[in-house]
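The residues making up each chain are set out below.
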Amino acid sequence: IGDIFLREANMFKLYTAYCANNRHVPVVIKNLQAQNEEFKTFIQTQNTKPLFKGKTLEDFLIQPLQRRCRYPLLLENLLANTPETH
């Protein structure tokens, strides 16, 4: 597992820009809805679909940030439950 994380470590650099810009999401979505009636209707329609289970666009866009925070916990748990001889 460690080898995979080390090999893919450069991909985590994408999170830096994503995290830095994610705080702007609510304002951008609000502005887009105010400026574009078609976008507003689209968002409202999507929010009512059972498939999305009440999640909004903002909820989906925050998931990559939340996932990134879980990686250290996953690795700590894996390390704690793996024999040293493995």
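Small disclaimer: the values here were computed from a predicted structure and weren't measured. Along every chain, residues carry numbers that run from 1 in the direction the sequence is written. Only residues with pLDDT of at least 70 are given local features in this predicted model, and only at 80 or more are side-chain atom pairs given and counted; all residues enter the totals for whole chains, interfaces and linings. Side-chain numbers come from the whole structure's heavy atoms, not from hydrogens or water.

K.L.:
With reference to specific residues and values, describe the environment of F42.
P.N.:
Within the element layout of this structure, F42 appears in helix 4 (residues 37–47). Only protein chains enter the area calculation, which uses a 1.4 Å probe; residues under 20% of their type maximum are buried, those over 50% are exposed, and those in between are partly exposed. Judged by its relative accessible area of 45%, F42 is partly exposed. In sequence terms F42 and T56 are 14 residues apart; their C-alpha atoms lie 12 Å from each other. Every helix listed is a DSSP run of H or I at least four residues long, and every strand listed is a run of E at least two residues long, numbered separately from the N terminus.

K.L.:
Quick one: what's the story with a positive patch on the surface, residue by residue and with numbers?
P.N.:
On the surface, a cluster of positive charge is contributed by K53, K55, R67 and R70. Mapped onto the fold, R70 is located in helix 5 (residues 57–80). Patch definition: residues above 30% relative accessible area lacking any salt bridge, with like charges linked at up to 9 Å and the nonpolar side chains Val, Leu, Ile, Met, Phe, Trp and Tyr linked at up to 5 Å. Using the Shrake-Rupley algorithm and a 1.4 Å probe, accessible areas are obtained, with residue cover drawn only from the displayed protein chains. Each reported salt bridge corresponds to a side-chain nitrogen of Lys or Arg within 4 Å of a carboxyl oxygen of Asp or Glu. We score Asp and Glu as negative and Lys and Arg as positive, and we do not count His or the chain ends. We put the charge of a Lys on NZ, of an Arg on CZ, of an Asp on CG and of a Glu on CD.

K.L.:
Describe in detail the side chain of N22, supporting the description with residues and values.
P.N.:
Examined against the element boundaries, N22 turns out to sit in helix 2 (residues 13–22). Judged by its relative accessible area of 10%, N22 is buried. Here a polar contact is recorded for every N or O atom pair within 3.5 Å, except that within protein the pair must consist of a potential hydrogen donor and a potential acceptor, and residues adjacent in sequence are included only if both atoms are side-chain atoms. A distance of 3.1 Å separates a polar atom in the side chain of N22 from the backbone oxygen of L61. Any pair of residues with heavy atoms lying within 4.5 Å of one another is described as a contacting pair. Discounting chain neighbours no more than four positions away, the residues touching N22 are L61, I62 and L65.

K.L.:
Which residues make up helix 5, and what values go with them?
P.N.:
What sets the pattern is the α-helix's 3.6 residues per turn: residues three or four places apart point alike. Take the residue count of a helix, subtract one, and multiply by 1.5 Å to get its expected span. Its 24 residues place the ends of helix 5 36 Å apart at the C-alpha level, agreeing with the 34 Å of an ideal helix rising 1.5 Å per residue. The term bend refers to the angle at a residue between two fitted axes, each drawn through seven residues, those ending there and those starting there. The principal kink in helix 5, of about 35°, is found at Q63, preceding the proline P64 by one to four residues.

K.L.:
Can you explain the packing of aromatic side chains? Please cite residues and give values.
P.N.:
Any aromatic ring pair is given by two values, namely how distant the centres are and how the planes are angled relative to each other. Note on ring pairs: Phe, Tyr and Trp rings are taken, using the six-membered ring of Trp, and paired if centres are within 6.5 Å. Classes follow the plane angle, with under 30 degrees stacked, over 60 edge-to-face and the rest tilted. For the structure on display, the rule yields three aromatic pairs. With a centroid separation of 5.8 Å and an interplanar angle of 25°, the aromatic rings of F12 and Y15 are classed as stacked. Its relative accessible area of 18% is what places Y15 among the buried residues. For F12, a relative accessible area of 23% corresponds to the partly exposed category. Each residue in the set F12, Y15 and Y71 is aromatic and connected to the rest through ring pairs, giving one cluster.

K.L.:
Tell me what's going on with the pattern of salt bridges, and back it up with residues and numbers.
P.N.:
All told, the structure shown has one salt bridge when counted by the stated rule. Here R7 makes a salt bridge to E8, at a shortest N to O gap of 3.2 Å. According to the relative accessible area criterion, E8 is partly exposed, its value standing at 33%.

K.L.:
Tell me what's going on with the confidence of the model for the chain, and back it up with residues and numbers.
P.N.:
You can read pLDDT as the predictor saying how much it trusts each residue, on a scale of 0 to 100. When pLDDT is averaged along the chain, the result is 89; 100% of the residues meet or exceed 70. When mean pLDDT is compared element by element in the chain, helix 3 (residues 25–35) scores highest at 95, while helix 1 (residues 2–7) scores lowest at 83.

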